[in-house]
Amino acid sequence: FPYTTLFRSIQAVPVEGCPFSAHWSLRLRQAEQRLEAGLVNEADFDEENLGRSATDILAELTSLHPLPGPVCFTHGDACLPPFLSRGGRLSGILDMGRAGITHPAQDWALALRSMRSNFGLYGEKLLREHLPNHCAGEDLLRRFRLLDEFF
């Protein structure tokens with residue numbers, strides 16, 4: 001499955017000495033800054049969050065326990081558009097602006113949402129068959145989808 005190969009490649013980037021952080025506490029501060037700057041569009045929230053305020057979602061996110069391990073290098077916005085393919089093979093990756101070291105569920109959460117959005121439940125189901133156990137918790141995946149509402 002192309003996403004699986006892609007994630008293995010991205011998440012195999014060595015993290016020792018990596019200057020790119022996407023740690024939970026940093027992303028929460030960035031979410032709060034974006035909210036304060038008026039950069040969060042509540043009308044563009046995922047369907048499951050429509051009607052909620054960004055302030056409410058941020059309060060929920062800040063109340064969560066720290067992330068469990070492991071950490072690795074992640075793309076940070078692993079929905080379909082940043083990944084280019086040719087002949088069914090990955091040929092390029094765009095937009096690495098949110099890349100950094102964090103839990104690998106960051107990429108899986110957004111990829112699953114993107115698969116569902118583009119290919120329906122069947123597409124999401126196909127990708128879920130490759131979901132690593134350490135990323136499979138629905139609360140963990142939901143956490144990263146909620147955080148994405150700010151970016």
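In case you missed it, the structure is sitting above this.
Residues numbered from 1 in each chain as written. Predicted model: local features only at pLDDT ≥ 70, side-chain atom pairs only at ≥ 80, totals over all residues. Heavy atoms only, no water.

Before going further, it helps to examine the packing of helix H2 (residues 24-36) against helix H5 (residues 138-148). Put simply, H2 and H5 touch, their axes get as near as 10 Å, and they point 35 degrees apart. From H2, Trp24, Arg27, Leu28 and Ala31 reach across to H5, where they touch Arg143, Phe144 and Leu147. Its residues placed into classes, the contact of H2 with H5 shows five nonpolar, no polar and two charged. (Axes fitted to C-alpha atoms, helices over the stretch in contact; angles between N-to-C directions. Helix = DSSP H or I, 4+ residues; strand = E, 2+ residues; numbered from the N terminus. Contact = heavy atoms within 4.5 Å. Nonpolar A, V, L, I, M, F, W, Y, C, P; charged D, E, K, R; others polar.)

With that settled, consider the packing of aromatic side chains. Summed over all chains, the structure comprises two aromatic pairs. Pairing Phe7 with Trp108 gives two aromatic rings, centres 4.6 Å apart and planes at 75 degrees, and the pair type is edge-to-face. Highlighted residues: Phe7 in helix H1 (residues 2-11) and Trp108 in helix H4 (residues 105-128), separated in sequence by 101 residues. In terms of burial, Phe7 and Trp108 fall into one category: buried. Where Trp24 meets Phe144, the ring centres are 5.6 Å apart and the plane angle is 85 degrees; that geometry is what we call edge-to-face. Separated by 120 residues along the polypeptide, Trp24 in helix H2 and Phe144 in helix H5 bring together distant segments of the chain. Per residue, the accessibility class of Trp24 equals that of Phe144, and both read buried. The aromatic ring of Trp24 is capped on one face by Arg143, whose charged end is 4.7 Å from the ring centroid. (Phe/Tyr/Trp six-rings, centres within 6.5 Å; stacked < 30°, edge-to-face > 60°. Buried < 20%, exposed > 50% of the residue type's maximum accessible area, 1.4 Å probe, protein only. Lys NZ or Arg CZ within 6 Å of the ring centre and 35° of its normal.)

Take the pairing of strand S3 (residues 89-93) next. Pairing of strand S2 (residues 83-86) with S3, which is carried by four bridges, proceeds in the antiparallel orientation. Residue Arg86 lies in a different strand from S3, and its bridge partner there is Arg89. Counting the residues that bridge the hairpin from S2 to S3 gives two residues, and of these Gly87 lies at a positive phi of roughly 65 degrees. (Pairing = 2+ DSSP bridges.)

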